[in-house]
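Residue-level structural notes
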Amino acid sequence: MEAVLQTKGLLSLPSNPKTRVFNSQNGLKHRLNIQKNRALGGFSLSVDGFQKFQGFVSKTNGFYKKGRNLQISCSAAAASADGSAFLDDVDNPKFLGVEITTLKKIVPLGLMFFCILFNYTILRDTKDVLVVTAKGSSAEIIPFLKTWVNLPMAIGFMLLYTKLSNVLSKQALFYTVMMPFIAFFGAFGFVLYPLSNVFHPTALADKLLAALGPSFLGPVAILRIWSFCLFYVMAELWGSVVVSVLFWGFANQITTVDEAKKFYPLFGLGANIALIFSGRTVKYFSNLRKNLGPGVDGWAVSLKGMMSIVVLMGLTICFIYWWVNTFVPLPARSSKKKEKPKMGTMESLKFLVSSRYIRDLATLVVAYGISINLVEVTWKSKLKAQFPSPNEYSAFMGDFSTATGVATFSMMLLSQWIFEKYGWGVAAKITPTVLLVTGVGFFSLILFGGPLAPLIGQLGLTPLLAAVYVGALQNIFSKSAKYSLFDPCKEMAYIPLDEDTKVKGKAAIDVVCNPLGKSGGALIQQFMILTFGSLANSTPYLGGILLVIVLAWLAAAKSLDTQFTALRREEELEKEMEERANVKIPVVSQDGTNLSVGVGNGSLAGGISSSGGDVSNSSSEASNPRNI
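Residues numbered from 1 in each chain as written. Predicted model: local features only at pLDDT ≥ 70, side-chain atom pairs only at ≥ 80, totals over all residues. Heavy atoms only, no water.

Remark: helix 10 (residues 226-254) packs on helix 12 (residues 298-327), axes separated minimally by 13 Å, with the N-to-C direction vectors making an angle of 20°. One finds that helix 10 runs roughly parallel with respect to helix 12. The way helix 10 lies across helix 12 gives a crossing that is left-handed. Contact with helix 10, carried on its side by Phe231, Trp238, Phe250 and Ile254, involves Met307, Ile317, Tyr321, Val324 and Asn325 of helix 12 and no other residues of that element. By residue class, the composition of the contact of helix 10 with helix 12 is eight nonpolar, one polar and no charged. (Axes fitted to C-alpha atoms, helices over the stretch in contact; angles between N-to-C directions. Helix = DSSP H or I, 4+ residues; strand = E, 2+ residues; numbered from the N terminus. Parallel < 35°, antiparallel > 145°, perpendicular 65-115°, else oblique. Left-handed = near helix turned anticlockwise from the far one by under 90°. Contact = heavy atoms within 4.5 Å. Nonpolar A, V, L, I, M, F, W, Y, C, P; charged D, E, K, R; others polar.)

A word on the environment of Gln563. Within the fold, Gln563 resides in helix 19 (residues 539-582). Between the C-alpha atoms of Gln563 and Tyr357, which are 206 residues apart in sequence, the distance is 7.1 Å. If near-sequence neighbours (up to four positions away) are discounted, Gln563 is found in contact with Arg356, Tyr357 and Asp360. Reaching out from Gln563, the side chain makes a polar contact with the side chain of Asp360 at a distance of 2.8 Å. (Polar contact = N/O pair within 3.5 Å; in protein donor to acceptor, adjacent residues only side chain to side chain.)

Applying the stated criterion across every chain yields a total of nine salt bridges. Note that Arg124 and Asp125 form a salt bridge whose closest N and O atoms lie 3.8 Å from each other. The exposure class assigned to Asp125 is buried, which follows from its relative accessible area of 0%. (Salt bridge = Lys/Arg side-chain N within 4 Å of Asp/Glu carboxyl O. Buried < 20%, exposed > 50% of the residue type's maximum accessible area, 1.4 Å probe, protein only.)

Moving on: the confidence of the model for the protein. In the predicted model, the protein carries a mean pLDDT of 76, and 72% of its residues have values of at least 70. Mean pLDDT values over the elements of the protein span from 40, in strand 1 (residues 3-4), up to 94, in helix 6 (residues 170-192). Throughout residues 334-340 the model reports pLDDT below 50, and contacts reaching past four residues in sequence, or to other chains, amount to zero contacts. This stretch, residues 599-628, has a pLDDT under 50; its non-local contacts, to residues over four places away or in other chains, come to 33 contacts. (pLDDT = per-residue confidence, 0-100.)

So, on to the packing of aromatic side chains. Overall, the coordinates contain 37 aromatic pairs when judged by the stated rule. With a centroid separation of 4.6 Å and 55° between ring planes, the pair formed by Phe250 and Tyr321 is classed as tilted. Taken together, the residues Phe250 in helix 10 and Tyr321 in helix 12 connect sequence positions 71 residues apart. The burial state of Phe250 is the same as that of Tyr321; both residues are buried. Between Phe319 and Trp322, the ring centres sit 5.8 Å apart and the planes meet at 35°, which makes this aromatic pair tilted. Of this pair, Phe319 and Trp322 are both found in helix 12, three residues apart, which corresponds to roughly one turn of the helix. (Phe/Tyr/Trp six-rings, centres within 6.5 Å; stacked < 30°, edge-to-face > 60°.)

The terminal C-alpha atoms of helix 10 lie 40 Å apart, and with 29 residues this matches the ideal 42 Å at 1.5 Å per residue to within 8%. If you look at helix 10, its biggest bend is around 35°, right at Val242. (Expected span 1.5 Å × (residues − 1). Bend = angle between axes of the 7 residues up to and from the residue.)

Together, Phe190, Val191, Leu195, Val198, Phe199 and Trp226 make up an exposed nonpolar region whose accessible area comes to about 550 Å². Counting only elements with at least two residues in the nonpolar patch, the list comes to helix 6 and helix 7 (196-199). Checked against the element boundaries, Val191 lands in helix 6. Given a relative accessible area of 40%, Val191 falls into the partly exposed group. (Patch = residues over 30% accessible without salt bridge, like charges linked within 9 Å, V, L, I, M, F, W, Y side chains within 5 Å. Areas by Shrake-Rupley, 256 points an atom, 1.4 Å probe, with all protein chains shown as cover.)

One can find Lys105 in helix 4 (residues 100-133). Residue Lys105 is classed as buried on the basis of its relative accessible area of 6%. Only 3.1 Å separates the side chain of Lys105 from the backbone oxygen of Ile254, close enough to count as a polar contact.

What follows concerns helix 6. A rise of 1.5 Å per residue sets the reference length of helix 6, with its 23 residues, at 33 Å; its end C-alpha atoms lie 31 Å apart and thus fit the reference within 8%. Residues of helix 6 that are buried include every one of Leu173, Phe174, Val177, Met178, Phe181, Ile182, Phe184, Phe185, Gly186, Phe188, Gly189 and Leu192, and no others. Where the residues of helix 6 are buried, they touch helix 4, helix 5 (141-167), helix 7, helix 10 and helix 12.

Take the packing of helix 5 against helix 6 next. Running from N to C, helix 5 and helix 6 cross one another at 150°; their axes reach a closest spacing of 10 Å. When the interaxial angle is binned, helix 5 and helix 6 end up roughly antiparallel. The two elements helix 5 and helix 6 meet at a crossing, and its hand is right-handed. Judged by residue contacts, Phe157, Tyr161, Leu164 and Ser165 of helix 5 engage Leu173, Thr176 and Val177 from helix 6. Among the residues making up the contact of helix 5 with helix 6, the classes are represented as five nonpolar, two polar and no charged.

Positionally, Leu103 belongs in helix 4. Judged by relative accessible area, Leu103 falls into the partly exposed class, the value being 21%.

Core analysis: the biggest nonpolar cluster contains 134 residues, and Met178, Phe181, Phe185, Phe188, Trp238, Met307 and Trp379 have the highest contact counts within it. If you count residues domain by domain, this core takes at least three from each of domain 1 (95-330) and domain 2 (343-579). Ignoring sequence-local partners within four residues, the contact set of Trp238 consists of Ile116, Asn119, Tyr120, Leu123, Met178, Phe181, Phe185, Val243 and Ile317. (Core = buried A, V, L, I, M, F, W, Y, C linked by side-chain atoms within 4.5 Å. Domains from an automatic or database assignment.)

What follows is the structure, encoded as structure tokens:
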């Protein structure tokens, strides 16, 4: 099949006017038909040897001449090849302004995301209850658990995941990762926890603690309650693996860029709705103990109920995944792969040191990770002192999760107004300011609880309960500010950078700063606990470290705001200069006629005669050969 491109204009002169001017095929009507077909994205196809398409070619001229080029749209040719009708102008069915094919992807993804985060909230609240309230353990176990158990298992899982991804298909890989999570959480609620007294080496842990001293309560507790620690790690991996790797990998696989821009922000709002509902669920099962008879382990009953919901939600996630892969067509992807920049640890450190802008941005990321860790672990130690029962602790965490979801949802709705009203700088400083104010209040209640007891007592609170409530407010507002303001500010800060700095800066922060921020607070706490004997003895020093880190955070945010604003102004100035280069300047002739002269493109929009300002439109028309 020979394809010939038509390049003639609508009214272009024929190459042989004497012989073709009276030919009906060269008339205006015929050329209009050609232009109409060209607007449909068509190209010329020779009819020679192409009899299959004759029924779909316009027969305006009443005959087919050998070698004659006819206009046929690309999609029409493809459709006619298998005998189907034209479908170019048929719109996809829509519901509420959204195509049905898009809804078949977005609605299941939203349900899947809801189930994943519903489970994550239940698991996050339960893991803290297990390791903090267990006999022979305390909140001091958390820094050691995150550093020496959680981090190695996360690295090991990612290595295993990488090997499996080279062997298994995407669907098989999804089920291979999901099913062990579902099986473990079900087995823990019905087997491991009820038999924990049989599995846990309590006697060996007592001997080690007596030999090493009370400073090693945290490390020894990892051995003492190893099955609870395994649950803690699996719950942490659920957040990083199932949410980040499985869900977002699947979402990016089945959605287009336009769909992602429109619907991904809604997933964030849906996540906080899941947080509210799951918090209420934790609260409900934690209060079951009140209706149980004496001698019944209320926490074991609550745990069975919550793990049953986790298993049910996990199976629902697998079903939704199967349904989408079975009934929803996947978008076509380009087979060309883009190379991702890879930076080693030393290269990342060198790049961080070389750029002030990236250094300030890195300071924000590291400071948040350390600050939230310093306060959170200390707060959980006070929370255990106030609520030593697992059911009471869990019920409080249910209320905490619900309040966090409501606060984050509200802050997300307000964040756009904050950005528009006050700009990037104020939005970037809100999170450290909230952490500073609430952190000072929290540590003040711990350090000066005795002298403040009469004043606090007038509010009907004890210093310990007041510290628990202030610590909860600190965590709620700092996390909601982080999700709604800090994360958007961090991503926006990359926008005005040049492409090389943007790519290398993000890679450097991902390699160095994210792990440093997450483990930095835990390492500081481990050093303080081993040095001063307990978390309570190191509280004054932790408060001082928090103050220094938050002040450095605010200074970095102020410096980054200045640089960010300067880069934005420079970018806007460049755009303005480009617009001025292409703008048309009005010119007034002697007879008062307004003309436009294009600047920067070397052409005149209107012609001016040299005889005294008489305007001749013919010069403008003559400059375009298609107008002849």
